[in-house]
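Examining the three-dimensional arrangement
The residues making up each chain are set out below.
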Amino acid sequence: MIPDPQGPATPSAADKFDDEHYPAYTMGRAAEILGATQGFLRSLDEAGLIAPQRSAGGHRRYSRHQLRIAARVRELVDQGTAIDAACRIVSLEDQLHEARQQNSRPQHAD
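Residues numbered from 1 in each chain as written. Predicted model: local features only at pLDDT ≥ 70, side-chain atom pairs only at ≥ 80, totals over all residues. Heavy atoms only, no water.

Before going further, it helps to spend a moment on the overall build of the chain. When helices and strands are tallied, the chain shows 5 helices and 3 strands. Going from N to C terminus, the chain has its helices and strands arranged as α-β-α-α-β-β-α-α. Residues classed as buried in the chain amount to 22% of the 110 residues present. Considering only contacts in the chain between residues 6 or more positions apart, those separated by 24 or more positions represent 54%. (Helix = DSSP H or I, 4+ residues; strand = E, 2+ residues; numbered from the N terminus. Buried < 20%, exposed > 50% of the residue type's maximum accessible area, 1.4 Å probe, protein only. Contact = heavy atoms within 4.5 Å.)

On to the side chain of Gln66, then. Looking at the secondary structure, you find Gln66 in helix α4 (residues 64–78). Ignoring anything within four residues of it in the chain, the contact list for Gln66 reads Ile50, Ala51, Pro52 and Arg61.

Another point: the sheet that holds strand β2 (residues 53–54). Taken in spatial order, the 3 strands line up as β1-β3-β2 in an open sheet, and their pairing is antiparallel. The two strands at the open ends of the sheet, each matched to only one other strand, are β1 (25–26) and β2. Bridge count between β1 and strand β3 (residues 60–62): 2 bridges; the pairing is antiparallel. Pairing of Tyr25 across the sheet is with Tyr62, part of β3. (Pairing = 2+ DSSP bridges.)

Below you can see the structure in the form of structure tokens.
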């Protein structure tokens, strides 16, 4: 099938390797990579920090970006921070990062 030049192109397999938001990891694999339990990942979902995509069968799928967030929470929890507090800290760190990026962009006078 030839892609329609007018419509959006379907990402190729190679594009998915570079996409940090592509949900490539199952819950079991994500937990293994993090050295955490599947319950830990479910708690991050319940806290609203990360919202994994779901496969057709309803299984959670995580992206590299989500795994980096989960790894940061795991660091804080390993240092003795309660999981709810760790989720809040990571959320605030993310907001601060985004605010700094916005402030570094040139402002247009309207």
